[in-house]
Amino acid sequence: MWSNYFVQPDEDNRIGVAGAGQGGGLGGMKGGRGQRRTQKMSDSQEGKIKLAFFVSIIGVTLTVLGMGTEFWVELAQPKNFSGNQTCQMAHYGLWKGCIRTLWVADIHPERTSCGPAELPGETNCTYFKFFTSGENAVIFKKTTNKKLNLAAAILALLSLTMMVMGSICIAMSLSKGVHFFLKPGSFCFILSGVLVLLSILIFHQSVLSLLSSDQSIPLHHELSWSVACVGSAGAILIFGGFLFIILSLPFSPWQKCLPHNNNTT
């Protein structure tokens, strides 16, 4: 045992203790690995991640704001369809629909259809029964396609779930000071943005199916501000996810793509 601990000169004639042996070498290797694994991110990297997280949070906020409203689409009758001083229009979203009765005198003279929904009038709103009794809704004698409406709503809920998971991953990355959680967080945000855009597409198909179910009442339809809000949110979420992918790389892509020209004199 004592032979492993003796004083011997090294190549530079300096005196050192040779007692570590194989165990010391393994300990040094383990220590080096431990230092590499626990390497913390710098302040500049943390600031960039927080900025990208702020961009993603904007997308999450716009998504929640748009999904909670009933202004995804507006369906308007011709303003003189009833032949009296009032006309009717409808607007609905993923969960609820509303029928509004407006005064024809309040509508702009150049507008041929009833609306817009911001005008004062009587409102009657009801929640859809797709999720409870499974009944289709009837709007101006036109019947909804509950399968398409349910698909759009489920995709919207899945996108919200992915946003929550992505936010948790980024929060853990910032609290731990490591880059490991950036890639799963970026995947969650990109997938949530794609699901949001797919929800809009399927919802638009459900509107077209509603309009084609009956032709007795002519209707003018247009997608409302909630769709623009949710669509912008989907693009922002995808952009934020790609930002996290770039920040998770071990090198700077800008230096790889745009190398600096070193002028030699």
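Asker: Explain the overall build of the protein to me, using residue names and the numbers behind them.
Answerer: In terms of regular secondary structure, the protein is built from six helices and nine strands. Taking all 265 residues of the protein together, 37% fall into the buried category. The long-range fraction of contacts in the protein, counting pairs at least 24 apart against all pairs at least 6 apart in sequence, stands at 66%. Accessible surface, the protein as shown: approximately 16,000 Å² in total, 62% of it carbon and sulfur.

Asker: Go over the pattern of salt bridges, please, and point to the residues and values.
Answerer: Enumeration over the complete set of coordinates arrives at two salt bridges. Glu 46 is the salt-bridge partner of Lys 50, the closest N and O atoms lying 3.4 Å from each other. On the criterion of helical spacing, the pair formed by Lys 50 and Glu 46 is a turn pair, its members being four residues apart in helix α2 (residues 43–67). We classify Glu 46 as partly exposed; its relative accessible area is 23%. Across the pair Glu 70 and Lys 96 runs a salt bridge, and its minimum N-O distance is 3.9 Å. With Glu 70 in the loop between α2 and β3 (73–76) and Lys 96 in strand β5 (residues 96–103), the pair connects residues that are 26 residues apart, well separated along the chain.

Asker: Break down the confidence of the model for the protein for me, with residues and values.
Answerer: The pLDDT averaged across the protein works out to 82; a share of 79% of its residues lies at or above 70. Ranking the elements of the protein by mean pLDDT puts strand β2 (residues 15–18) last with 46 and helix α4 (residues 182–212) first with 94. Low pLDDT, under 50, characterises residues 1–9; the stretch is placed with 15 contacts to residues that sit more than four places away or in other chains. For residues 11–38, every residue scores under 50 in pLDDT, and the model assigns this stretch 15 contacts once sequence neighbours within four places are set aside.

Asker: Could you give an account of the packing of aromatic side chains, with specific residues and numbers?
Answerer: How two aromatic rings sit relative to each other is set out by the distance from centre to centre and by the angle between their planes. Under the counting rule described, the total for this entry stands at nine aromatic pairs. Measuring from ring centre to ring centre gives 5.0 Å for Trp 72 and Phe 203, while their planes differ by 65°; the resulting arrangement is edge-to-face. Of the two residues, Trp 72 is situated in the loop between α2 and β3 and Phe 203 in helix α4; the sequence distance between them amounts to 131 residues. Judged by centre distance (5.7 Å) and plane angle (85°), the ring pair of Tyr 92 and Phe 128 falls under edge-to-face. A residue pair is termed long-range when its members are at least 10 positions apart, and Tyr 92 in strand β4 (residues 86–92) and Phe 128 in the loop between β6 (121–127) and β7 (138–139) qualify at 36 residues.

Asker: Outline the pairing of β5, supporting the account with residue identities and numerical values.
Answerer: Where β4 and β5 come together, seven bridges link them in antiparallel fashion. Looking across to β5, one finds that Ala 90 is bridged to Ile 99. As paired elements, β5 and β6 share seven bridges and run antiparallel to each other. Its bridge partner being in β6, Ile 99 is matched across the sheet by Asn 124.

Definitions and cut-offs
Residues numbered from 1 in each chain as written. Predicted model: local features only at pLDDT ≥ 70, side-chain atom pairs only at ≥ 80, totals over all residues. Heavy atoms only, no water. Helix = DSSP H or I, 4+ residues; strand = E, 2+ residues; numbered from the N terminus. Buried < 20%, exposed > 50% of the residue type's maximum accessible area, 1.4 Å probe, protein only. Contact = heavy atoms within 4.5 Å. Areas by Shrake-Rupley, 256 points an atom, 1.4 Å probe, with all protein chains shown as cover. Salt bridge = Lys/Arg side-chain N within 4 Å of Asp/Glu carboxyl O. pLDDT = per-residue confidence, 0-100. Phe/Tyr/Trp six-rings, centres within 6.5 Å; stacked < 30°, edge-to-face > 60°. Pairing = 2+ DSSP bridges.

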